[in-house]
Amino acid sequence: MATSRWTDAGAQPVSLRRRGPVLERAILDAALEQLSTVGWSGLTMEGVAARAQTGKAAVYRRWASKVELVADALRSGFPGLDDAPDHGSVREDLYQLCRRVRGTMYSRSGYALRSVLYECDSTSAGRFHELILQRVIEPANRLFREVVRRGIERGDVRPDATGELVFDVIPGLMMYRQKVCGSEWSDEDIAAMIDQVMVPLLRPHRG
């Protein structure tokens, strides 16, 4: 005899019969969805459980606190930045890599992380700053360095273009324009940054 998802009293949803990784994925997805709709301040363990259609106890068995749950949700949801594109020129490589970084910034996890950083207290924010450092900034920096290294080998990047400030330019511009100016970084904006700033900065000295 089939079991209804709904109780007779008040038509409230009851837990679905899921367990293990399937249930954990549903809870993590529910946490990301809650962050995108009610933000850090409005997110509760009870609300996540309801969204995931499970019991509150199932959430607390896996995550002892809201901070731990949100950290795992963000960590599991970020798109990977695994390899540097190789399109034969530093200009095209940087352009395509910036588009991927933009995709990470504007992914569901990216939106959720900004909600957390803007709303939570300084102690909790420190943990999430470390997360964005590990999942976005450090991987992106590693790939930018790989693109520049290949450009040096091809001869279209000057050999001394390896200082820390050089690699701060793209993330610095993207974060400033996004946070201060509200830019969403269209393809045209990314192309302008590469053509007007990065290519002249990296171009070999002539003569």
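It should be emphasised that the depicted structure is a prediction, and the values quoted were computed from it without experimental measurement.

Draft legend 1. Here's a closer look at the overall build of the protein chain. When you go through the protein chain residue by residue, the secondary structure sums to 9 helices and 0 strands. Rg of the C-alpha trace for the protein chain: 22 Å, well past the compact-globule value of 17 Å for 207 residues, more than 25% over. Over its C-alpha atoms, taken along the principal directions, the protein chain stretches across nearly 85 × 35 × 30 Å. Burial statistics for the protein chain: of 207 residues in total, 40% are counted as buried. If you take every contact in the protein chain between residues at least 6 apart in sequence, the share linking residues at least 24 apart comes to 68%.

Draft legend 2. Focus on the environment of Gly 55. Inspection of the secondary structure puts Gly 55 in the loop between helix H2 (45-52) and helix H3 (56-62). Distance in space between the C-alpha atoms of Gly 55 and Met 45 is 9.8 Å, their sequence separation being 10 residues.

Draft legend 3. How the structure looks around the state of the cysteines. Enumeration according to the criterion identifies 0 disulfides in this entry. With no disulfide of its own, Cys 98 lies 17 Å from the sulfur of Cys 181, the closest cysteine sulfur. On the basis of relative accessibility, which here comes to 0%, the residue Cys 98 falls in the buried class. Judged by its relative accessible area of 45%, Cys 181 falls in the partly exposed class.

Draft legend 4. Geometry of the packing of helix H7 (residues 122-154) against helix H8 (residues 164-179). Between H7 and H8, whose axes approach to 10 Å, the crossing angle comes to 115 degrees. In this structure, the crossing between H7 and H8 has a hand that is right-handed. Contacts from Asn 141, Phe 144, Arg 145 and Val 148 in H7 reach Glu 164, Phe 167 and Ile 170 in H8. For the contact of H7 with H8, a count of residues per class yields 4 nonpolar, 1 polar and 2 charged.

Draft legend 5. Region of interest: the nonpolar core. Residues Leu 69, Leu 74 and Phe 128 are the most contacted members of the largest nonpolar core, which totals 31 residues. For this core, the elements supplying multiple residues, two or more each, are helix H1 (20-42), H2, H3, helix H4 (66-77), helix H6 (108-119) and H7. Considering every element that reaches this core, the biggest residue donor is H1, with 8 residues. Those residues in contact with Phe 128 that lie beyond four places of it in its chain are Trp 40, Val 67, Val 70, Ala 71, Leu 74, Leu 113, Val 116, Leu 117 and Cys 120.

Draft legend 6. Molecular detail of unusual backbone geometry. Phi angles above zero are rare outside glycine, and Gln 53 is one such case at about 55 degrees. Relative to the helices and strands, Gln 53 resides in the loop between H2 and H3. Even without glycine at this site, Trp 185 takes up a positive phi of about 55 degrees. With respect to the element layout, Trp 185 can be found in the loop between H8 and helix H9 (187-202).

Draft legend 7. Examining the UniProt feature "DNA-binding region" (unreviewed entry) in the protein chain more closely. UniProt marks residues 44-63 with the feature "DNA-binding region" (unreviewed entry), using the numbering shown here. Structurally, residues 44-63 is divided into 75% helix and 0% strand, and its ends, taken at the C-alpha atoms, are 12 Å apart.

Draft legend 8. Fine view of the UniProt feature "domain: HTH tetR-type" (unreviewed entry) in the protein chain. The UniProt entry lists residues 21-81 under the feature "domain: HTH tetR-type" (unreviewed entry), expressed in the numbering used here. End C-alpha to end C-alpha, residues 21-81 measures 24 Å, and it is 80% helix and 0% strand.

Draft legend 9. Spatial organisation of the environment of Glu 46. Locating Glu 46 in the fold gives a position in helix H2. For Glu 46, a relative accessible area of 39% translates into the label partly exposed. Separated by 11 residues in sequence, Glu 46 and Ala 57 have C-alpha atoms that sit 9.2 Å apart. Here Glu 46 is in contact with Lys 56 and Tyr 60, once residues within four sequence places are set aside.

Draft legend 10. Broad picture of the environment of Met 174. On the secondary structure map, Met 174 appears in helix H8. Among the residues examined, Met 174 registers a relative accessible area of 2% and is labelled buried. When neighbours within four sequence positions are excluded, Met 174 is seen to be in contact with Cys 98, Val 101, Arg 102, Met 105, Trp 185 and Met 193.

Thresholds applied
Residues numbered from 1 in each chain as written. Predicted model: local features only at pLDDT ≥ 70, side-chain atom pairs only at ≥ 80, totals over all residues. Heavy atoms only, no water. Helix = DSSP H or I, 4+ residues; strand = E, 2+ residues; numbered from the N terminus. Rg over C-alpha atoms; globule rule 2.2 N^0.38 Å. Buried < 20%, exposed > 50% of the residue type's maximum accessible area, 1.4 Å probe, protein only. Contact = heavy atoms within 4.5 Å. Disulfide = S-S within 2.5 Å. Axes fitted to C-alpha atoms, helices over the stretch in contact; angles between N-to-C directions. Left-handed = near helix turned anticlockwise from the far one by under 90°. Nonpolar A, V, L, I, M, F, W, Y, C, P; charged D, E, K, R; others polar. Core = buried A, V, L, I, M, F, W, Y, C linked by side-chain atoms within 4.5 Å. UniProt positions renumbered as here; feature names shortened; annotations may be inferred.

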